[in-house]
2 protein chains.
Amino acid sequence: MTRDPDDGVELLWREKEHEPRRGLTTGRIVRAAVELADAEGLEGLSMRKVADRLGFTTMSLYRHVPGREQLIELMLDEVMGEHPRPQEGEAGWRTRLEAVARQAWELRRRHPWMAEVRGTRHLPGPNGVAHYDHMLAALAGTSLRPPEVIAAIALIGRFVDAEALVLVETQREERRSGVSEQEWWGARESLYERLDRYPTLTHLWENGGWDHPEDSFEFGLARVLDGIEALVHQRDETRYEICQECGTPLEPAPSGRPRVYCSRACRQRAYRNRKGS
Amino acid sequence: MTRDPDDGVELLWREKEHEPRRGLTTGRIVRAAVELADAEGLEGLSMRKVADRLGFTTMSLYRHVPGREQLIELMLDEVMGEHPRPQEGEAGWRTRLEAVARQAWELRRRHPWMAEVRGTRHLPGPNGVAHYDHMLAALAGTSLRPPEVIAAIALIGRFVDAEALVLVETQREERRSGVSEQEWWGARESLYERLDRYPTLTHLWENGGWDHPEDSFEFGLARVLDGIEALVHQRDETRYEICQECGTPLEPAPSGRPRVYCSRACRQRAYRNRKGS
DNA sequence: ACTACTTCGTGTACGGCATAAACACGGAAG
DNA sequence: CTTCCGTGTTTATGCCGTACACGAAGTAGT
């Protein structure tokens, strides 16, 4: 359906359909697919199984959804809507950023398949954009330059996704094999026999490096936030620089927020130029 | 072949076979598979195509390799062998760690499919262990505690993999569609029309946040290293703590390296206890 | 030299996947 | 009443990993 002139933007941003009592709907398909993926992971998500779950034939889905890929995009935006309402406390940027990272982490614990979605050209739906805006807001008030704000948020996002990915993989393998990760690695005797020749490895082993491992998400989040904090401090010190449009030195803004242009005129000129290109 | 009592450790750690003039070999299969995956990505790697490339039937591969999954593990260790010889310069930990991260990054640029491999139970082969040991060594000399060393290295590894993953995905989509990432996103007019209502997004947009984006790998690597550095400084200040075995306060070690146990007796006791469990 | 056994490669077949294309049916519009 | 369109179905194509039965060829034992 909807031979899309613009790749399915319309499908993602469609307003809510009034769902008929019976029959298929995009919304119903998406929800069934989310349930299925929650239970079986993304690779267990097949058009057949979604259709079965709804009591229709496989091909019927294609009347409402262009294909599997698009279905996954719809699923993503669907679950993005589960994010809690952004509450506008005036906490510091680090508190807010940490909170936002934990929310993303929570969401991926509820829907582990989110981390398994591949591809860089996913159009954001309304829920996705709202959440992205919310994340950016946590850093936009700092002295970071705009591209740094964006890169930092992307870094946090990739970090959470990477952690979620290893989590879902360990869980899947534990379920499939019935053997816990610790047990499995503990039973690899024939591997450990060969590790004596590696000095650092044995040194860390003898000093209990693997006895009480760090929580990987907590450790990594703290490190990444520390790293961003270091950059923020650095930028705080060299806060006042030059206008991005005309190059004259910038005065400190009375609001304390970072400035980019020296005057409204410059800002508008830059904006027009960008629009033209 | 090789119905493995211990899941293929033997296959990974096999000594080099003398390869007969003609006929199949595990090594030949692995190398052909690496070539194929380099060219077509991991999802383009099929047993049929590997066999075709070698001029044999599909099923012949199964005489030398248990299945696709094991083949991928073999491929991983194969390319791990391409890491440059670790040179023992006495640089600082940060320099060494950065170098090691860049090496891993380089390797993933040569073999993008490495980042696409999923699963947490990959047995390391000899090359993999050597590289892991080398990475750990970069941090083992600092005041970080052993579990922190391990977690930090894991963090770096996941960071590199995550970056490599988005890189390979953009490249694949660019090749498949013939449209560059920038062009594609630039052409999503019908999306941008809807973004006015999001304040931070438009603020950053107007201030040129997307005009000259940060290099994602460089930015992230710097942040993560900064984050680890912050932890190292923190540990430097509280370096001398208590013996992990008996709990008595630790004296500073003459070598300046971090200590874990107060005496050789405690260290040996701890080692014996761990072995027993 | 003859036999039994192992090793290696082949051919066929099964069940799973996404999806293209043609078709069937029911209700609304002309 | 006819036409058309939205919706669901049927059938078929071409991928995939791999189980299984078989054949050919080499090797060891007698």
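Residues numbered from 1 in each chain as written. Chains lettered and ligands numbered in written order. Predicted model: local features only at pLDDT ≥ 70, side-chain atom pairs only at ≥ 80, totals over all residues. Heavy atoms only, no water.

For chain A, an unreviewed UniProt entry supplies the name TetR family transcriptional regulator and the organism Nonomuraea fuscirosea.

A. Seen up close, the overall build of chain A. What chain A contains, in helices and strands, is 12 helices and zero strands. Going residue by residue from the N terminus, the α and β elements of chain A occur as α-α-α-α-α-α-α-α-α-α-α-α. Burial analysis of chain A (277 residues in total) assigns 45% to the buried set. Here the analysis covers contacts within chain A between residues at least 6 apart in sequence; of these, 63% occur between residues at least 24 apart. (Helix = DSSP H or I, 4+ residues; strand = E, 2+ residues; numbered from the N terminus. Buried < 20%, exposed > 50% of the residue type's maximum accessible area, 1.4 Å probe, protein only. Contact = heavy atoms within 4.5 Å.)

B. How the structure looks around the relation of the copies chain B and chain A. Relative to chain A, chain B is turned by 180 degrees and slid 0.0 Å along the rotation axis, the superposed coordinates differing by an RMSD of 0.1 Å. Both chain copies can therefore be described as sitting about a two-fold axis. Proximity to the rotation axis, assessed at the C-alpha, singles out B:G227 in chain B; its C-alpha lies 2.0 Å from the axis. (Least-squares fit on C-alpha atoms with pLDDT ≥ 70 in both.)

C. Examining the nonpolar core more closely. A:M75, A:L97, A:W113, B:M75, B:L97 and B:W113 are the most contacted members of the largest nonpolar core, which has 140 residues in total. Once you skip the residues sitting within four places of it in the chain, A:W113 turns out to touch A:V34, A:A37, A:D38, A:G41, A:L42, A:M75, A:L76 and A:V79. (Core = buried A, V, L, I, M, F, W, Y, C linked by side-chain atoms within 4.5 Å.)

D. Examining the confidence of the model for chain A more closely. All names here are of chain A. Residues with a pLDDT of 70 or more make up 84% of chain A, whose mean pLDDT is 87. Taken element by element, the predicted model of chain A shows its lowest mean pLDDT in helix α12 (residues 264–276) (61) and its highest in helix α3 (residues 47–54) (97). Note that residues 1–5 has pLDDT below 50 and, in this model, seven contacts with residues that lie over four places away or in other chains. (pLDDT = per-residue confidence, 0-100.)

E. Spatial organisation of the pattern of salt bridges. Counting across every chain of the model gives 32 salt bridges over all chains. The partner of A:E35 in a salt bridge is A:R53, and the shortest N-O contact between them spans 3.0 Å. A residue pair is termed long-range when its members are at least 10 positions apart, and A:E35 in helix α2 (residues 26–40) and A:R53 in helix α3 qualify at 18 residues. Here B:R172 ties to B:E116 by a salt bridge, and the two come within 2.3 Å at their closest N and O atoms. Highlighted residues: B:R172 in helix α7 (residues 146–177) and B:E116 in the loop between α5 (93–110) and α6 (126–140), separated in sequence by 56 residues. Classification of B:R172 by relative accessible area gives partly exposed; the value is 23%. The class for B:E116 is buried, based on a relative accessible area of 15%. Put simply, A:R94, A:R223, A:D226 and A:E229 are held in one network by salt bridges that share partners. (Salt bridge = Lys/Arg side-chain N within 4 Å of Asp/Glu carboxyl O.)

F. Region of interest: the interface of chain B and chain A. Listed per partner, the contact involves 84 residues of chain B and 84 residues of chain A. Summed over both sides, the interface between chain B and chain A buries roughly 7400 Å², with carbon and sulfur atoms accounting for 61% of that surface. When the shortest N-O distance is used, the salt bridge between A:R158 and B:E163 registers 2.9 Å. The tally of links from chain B across to chain A stands at 22 residue pairs in polar contact (both at pLDDT 80 or more). (Buried area = accessible area lost by both parts, 1.4 Å probe. Polar contact = N/O pair within 3.5 Å; in protein donor to acceptor, adjacent residues only side chain to side chain.)

G. Molecular detail of the packing of aromatic side chains. Applying the stated criterion across every chain, the model contains 10 aromatic pairs over all chains. Taking the centre distance of 4.9 Å and the plane angle of 85 degrees together, the rings of B:W184 and B:W185 count as edge-to-face. Counting every residue linked through ring pairs, the aromatic cluster contains A:W105, A:F159 and A:F217. The cationic tip of A:R188 hangs over the ring face of A:W184; the distance from NZ or CZ to the ring centre is 4.2 Å. In this arrangement the basic side chain of B:R223 is found over the ring face of B:F219, its NZ or CZ atom lying 4.7 Å from the centre. (Phe/Tyr/Trp six-rings, centres within 6.5 Å; stacked < 30°, edge-to-face > 60°. Lys NZ or Arg CZ within 6 Å of the ring centre and 35° of its normal.)

H. Structural detail: the side chain of A:R158. With respect to the helices and strands, the residue A:R158 is situated in helix α7 (residues 146–177). Contact partners of A:R158, with chain neighbours within four places excluded, come to B:A162, B:E163, B:V166 and B:S216.

I. Main features of the protein's contact with DNA strand D. Near DNA strand D lie 19 residues; those nearest to it are A:T57, A:M59, A:R63, A:H64 and B:R48. Counting only atoms of DNA strand D within 4 Å of the protein, the fraction found in sugar and phosphate groups is 44%. With respect to DNA strand D, the backbone of B:M47 contributes an N or O atom lying 3.1 Å from a phosphate oxygen. Interatomic distance of 3.2 Å between a side-chain N/O atom of B:R48 and a base oxygen of DNA strand D. At three residues, the largest contribution of residues to the surface near DNA strand D is made by helix α3 (residues 47–54) of chain B. Of the residues belonging to the surface near DNA strand D, the class tally is seven nonpolar, seven polar and five charged. (Near = heavy atom within 4 Å. Nonpolar A, V, L, I, M, F, W, Y, C, P; charged D, E, K, R; others polar.)

J. Summary view of helix α6 (residues 126–140) of chain A. End to end, α6(A) covers 20 Å across 15 residues, agreeing with the expected 21 Å (1.5 Å per residue, within 8%). Taken together, the buried positions of α6(A) are A:G128, A:V129, A:H131, A:D133, A:H134, A:M135, A:L136, A:A138, A:L139 and A:A140. (Expected span 1.5 Å × (residues − 1).)

K. Examining the protein's contact with DNA strand C more closely. By nearness alone, 19 residues border DNA strand C, and A:R48, A:Y62, B:T57, B:R63 and B:H64 come closest of all. Taken together, the sugar and phosphate atoms account for 48% of what DNA strand C places within 4 Å of the protein. A distance of 2.8 Å separates a phosphate oxygen of DNA strand C from a polar side-chain atom of A:Y62. The element contributing the most residues to the surface near DNA strand C is α3(A), with three residues.

L. Summary view of the packing of α5(B) against helix α11 (residues 216–237) of chain B. Residue and element names in this part refer to chain B. Two numbers describe how α5 lies on α11: the axes approach to 11 Å, and their chain directions differ by 145 degrees. Note on packing geometry: the crossing formed by α5 with α11 is right-handed. Of the residues in α11, those in contact with W93, R94, L97, E98, A101, R102 and W105 of α5 are F217, E218, L221, A222, L225, D226, I228, E229 and V232. Split into classes, the residues belonging to the contact of α5 with α11 amount to 10 nonpolar, no polar and six charged. (Axes fitted to C-alpha atoms, helices over the stretch in contact; angles between N-to-C directions. Left-handed = near helix turned anticlockwise from the far one by under 90°.)

M. Representation of the packing of α5(B) against α6(B) within the structure. Residues and elements named next belong to chain B. At their nearest, the axes of α5 and α6 sit 8 Å apart, and the two run at 160 degrees to each other. With respect to α6, the axis of α5 lies roughly antiparallel. In terms of crossing hand, the pair formed by α5 and α6 is left-handed. Every residue of α6 that contacts α5 at W93, R96, L97, V100 and Q103 is listed here: H134, M135, A137, A138 and L139. (Parallel < 35°, antiparallel > 145°, perpendicular 65-115°, else oblique.)

N. Representation of helix α10 (residues 199–206) of chain A in the model. Of the residues making up α10(A), those classed as buried are A:T200, A:L201 and A:L204. Looking straight down α10(A), one finds its buried side chains confined to an arc of 105 degrees; they lie on one side. In this structure, the buried side of α10(A) is in contact with α6 and α7 of chain B. Residue A:G208 follows α10(A) closely and has a positive phi angle near 75 degrees. (Arc of directions from axis to C-beta.)

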